[in-house]
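# Observations on the three-dimensional arrangement
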Amino acid sequence: MDNKAKIERLIANVNRMRDNSQEMRQWKNIPLAKECVEILRAIDDPEETPMGKALACEAVIQQLPEYDVPRLVLNILQYKLELIQQSDEQDPSKYPTAEEVQQDIRRLQDYIDVEHVGNEEFRQKYQRHLKSAPVERTPLWEEVYYEVERECDRRLGDTPRGMGFCFAYWSTLRQVLAERGILWQSPSELNPRVMFD
């Protein structure tokens, strides 16, 4: 595939990712994101600047459920940081800075460091108000996430994804995870004083 075809494929993937996000199916973006990064690494056109590639990485990251696939997002952030550090374009009013990306990297590293950073500590440090199930921070969660979400999507079919959908989704998610031997609690169970719709 030549550079032009790679760039066209990259743009098509990002557009598909945006469509998936609009449909509340960000899980579908995981393989597309991996392909986007492969394409970015393979583009060897001097007109495609490191900062341009870093911005493309950001477009990909924005379409991922970062706390469900934090290790994937970390890999993309680390690549984005390399690109920014290679770039001559360093205008903080226009472009992300290395420091901003490093902060995102540290946040996700803390998120997956379940041995040293507990849920409560993480929530306080990063101003996250809702409690989440501890399993969501583990490698196991990320390993099964795509398949579990695909199965939930199949079971939920054309269920409208509007108000109240979260309860049908959480019930289905709990069941699919339990079938894999994974115990999970929904946000409504962990945050009983919070109203969800």
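Predicted model only: the values in this text are computed from it and were never measured.

Relative to the helices and strands, Arg155 resides in helix H7 (residues 139–156). A C-alpha to C-alpha distance of 36 Å links Arg155 and Ala5, two positions 150 residues apart in sequence. Filtering out sequence-adjacent residues up to four positions away, Arg155 remains in contact with Thr172, Gln175, Val176 and Glu179.

Next up on the list: the packing of aromatic side chains. Evaluated as defined, the whole model comprises nine aromatic pairs. Three or more aromatic residues link up through ring pairs in this structure, and these residues are Tyr67, Tyr111, Phe122 and Tyr126. Sitting over the ring of Tyr111, Arg137 keeps its end group 5.5 Å from the ring centre.

In the contact formed by helix H1 (residues 3–22) and helix H3 (residues 50–61), the axes pass within 9 Å of each other and the chain directions differ by 30 degrees. Between H1 and H3, the angle falls in the class roughly parallel. Two packed elements cross with a definite hand, and for H1 against H3 that hand is left-handed. Residues Leu10, Val14, Met17 and Arg18 of H1 form the contact with H3, whose own contacting residues are Ala56, Ala59 and Val60. Across the contact of H1 with H3, the residue classes break down as six nonpolar, no polar and one charged.

Moving on: H3. Between its first and last C-alpha, H3 extends 16 Å over twelve residues, near the 16 Å set by a 1.5 Å rise per residue. Residues Met51, Lys53, Ala54, Ala56, Cys57, Ala59, Val60 and Ile61 constitute the buried set of H3. Packed against the buried residues of H3 are H1, helix H2 (29–42) and helix H4 (70–86).

The subject of this paragraph is the pattern of salt bridges. Pairs can form between side chains of opposite charge whenever their charged atoms are close. All chains considered together, the criterion is met by 15 salt bridges. Of the charged contacts in the structure, one is a salt bridge between Arg107 and Glu66, with a shortest N-O distance of 3.1 Å. In this pair, Arg107 sits in helix H5 (residues 98–112) while Glu66 sits in the loop between H3 and H4, placing the two residues 41 residues apart along the sequence. Between Arg150 and Glu147 there is a salt bridge whose closest N-O contact spans 2.6 Å. Here Arg150 and its partner Glu147 are both found in helix H7, three residues apart, which amounts to about one turn of the helix. Arg150 gets classed as partly exposed once you look at its relative accessible area, which sits at 40%.

Calculation criteria
- Residues numbered from 1 in each chain as written.
- Predicted model: local features only at pLDDT ≥ 70, side-chain atom pairs only at ≥ 80, totals over all residues.
- Heavy atoms only, no water.
- Helix = DSSP H or I, 4+ residues; strand = E, 2+ residues; numbered from the N terminus.
- Contact = heavy atoms within 4.5 Å.
- Phe/Tyr/Trp six-rings, centres within 6.5 Å; stacked < 30°, edge-to-face > 60°.
- Lys NZ or Arg CZ within 6 Å of the ring centre and 35° of its normal.
- Axes fitted to C-alpha atoms, helices over the stretch in contact; angles between N-to-C directions.
- Parallel < 35°, antiparallel > 145°, perpendicular 65-115°, else oblique.
- Left-handed = near helix turned anticlockwise from the far one by under 90°.
- Nonpolar A, V, L, I, M, F, W, Y, C, P; charged D, E, K, R; others polar.
- Expected span 1.5 Å × (residues − 1).
- Buried < 20%, exposed > 50% of the residue type's maximum accessible area, 1.4 Å probe, protein only.
- Salt bridge = Lys/Arg side-chain N within 4 Å of Asp/Glu carboxyl O.

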